[in-house]
Amino acid sequence: MTLPFAPNHRVLFVGQTQSGKTTLFKRHLRELPSAVIFDVKGQYRDVARPTSDPRQIIPLLKAGHVKVAFQPPDARPEWLNYFCELAWNNLRRTTLVFEEIGAYTSPGLMPRRLRDLVMIAQGEPRKLGMVFLNPRPTGLHNDLLSQVTHVFSFSQDNRNDVGRLCAEYSAGMSVVQELAPFEFVHFDRITKKVERHQPEGK
Ligand SMILES: Nc1ncnc2c1ncn2[C@@H]1O[C@H](COP(=O)(O)OP(=O)(O)O)[C@@H](O)[C@H]1O
Ligand SMILES: [Mg+2]
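Residues numbered from 1 in each chain as written. Chains lettered and ligands numbered in written order. Predicted model: local features only at pLDDT ≥ 70, side-chain atom pairs only at ≥ 80, totals over all residues.

Draft legend 1. Quick look at unusual backbone geometry. Its identity is not glycine, yet Arg93 carries a phi of approximately 50°, on the positive side. Examined against the element boundaries, Arg93 turns out to sit in the loop between α3 (77–90) and β5 (94–98). Judged by local crowding, Arg93 falls into the exposed class, with 12 C-beta atoms found within 10 Å. Positioned with a positive phi, Glu100 is a non-glycine residue whose angle comes to about 50°. By the secondary structure assignment, Glu100 is in the loop between β5 and α4 (112–119). (Helix = DSSP H or I, 4+ residues; strand = E, 2+ residues; numbered from the N terminus. Buried ≥ 20, exposed ≤ 12 C-beta atoms within 10 Å, placed from the backbone.)

Draft legend 2. Broad picture of the environment of Asp157. Checked against the element boundaries, Asp157 lands in the loop between β7 (150–153) and α6 (159–168). Spatially, the C-alpha atom of Asp157 lies 32 Å from that of Cys84, the residues being 73 residues apart in sequence.

Draft legend 3. Structural view of the packing of α3 against α4. Axis separation between α3 and α4 bottoms out at 8 Å; the angle between their running directions is 40°. Remark: the crossing between α3 and α4 carries left-handed chirality. From α3, Leu80, Asn81, Cys84, Glu85, Ala87 and Trp88 reach across to α4, where they touch Arg113, Leu114, Asp116 and Leu117. In terms of residue class, the contact of α3 with α4 is made up of 6 nonpolar, 1 polar and 3 charged. (Axes fitted to C-alpha atoms, helices over the stretch in contact; angles between N-to-C directions. Left-handed = near helix turned anticlockwise from the far one by under 90°. Contact = placed C-beta atoms within 7 Å. Nonpolar A, V, L, I, M, F, W, Y, C, P; charged D, E, K, R; others polar.)

Okay, structure coming up:
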């Protein structure tokens, strides 16, 4: 399998904590020519050049580091806003990755710059792809859920989460209830295909 990365794609990984989202995505990171990661938990040090100074993101990219992991110094939402603003104003032809994005959005809250980025139309000159990872779909604002083009879901044991996935994407997503550990489902909203995948090696 290769992941469906393209500038007009918005890829969402969901599944209960420890279900394998980050591992799967990191295994496929090399398929991306460039990525800038909002790395809230410092999990990308081994695959990207880390920095906790947001002013270093652009210089590191310019110096030839094609994968940069920004580790915000603390959990304040200002860091997400800063990151989105920086991407909006300066980044082109890369993939923005948002780990644990549910810490910054909720059904009633969508940071304005994040919304702007997610809403950028296909063919827009910035050519920014986006990847979002979060345990629960119910923690995300509808403006994000509705713009997603590809969903990767690991097992979800919460009925509300399963219901939200089915309601937003496809009734076929109900299979997420019966997934074995590290098994996942890929729903492509462009082709409307739901595919079940056996676990990839660790
Ligand atoms: N396919 C797999 N097979 C075996 N172990 C895995 C697999 N994917 C992930 N793991 C292990 O499960 C744990 C949780 O994985 P992680 O990707 O961090 O989950 P999540 O991001 O969903 O919280 C890690 O210890 C990881 O090494
Ligand atoms: Mg994770």
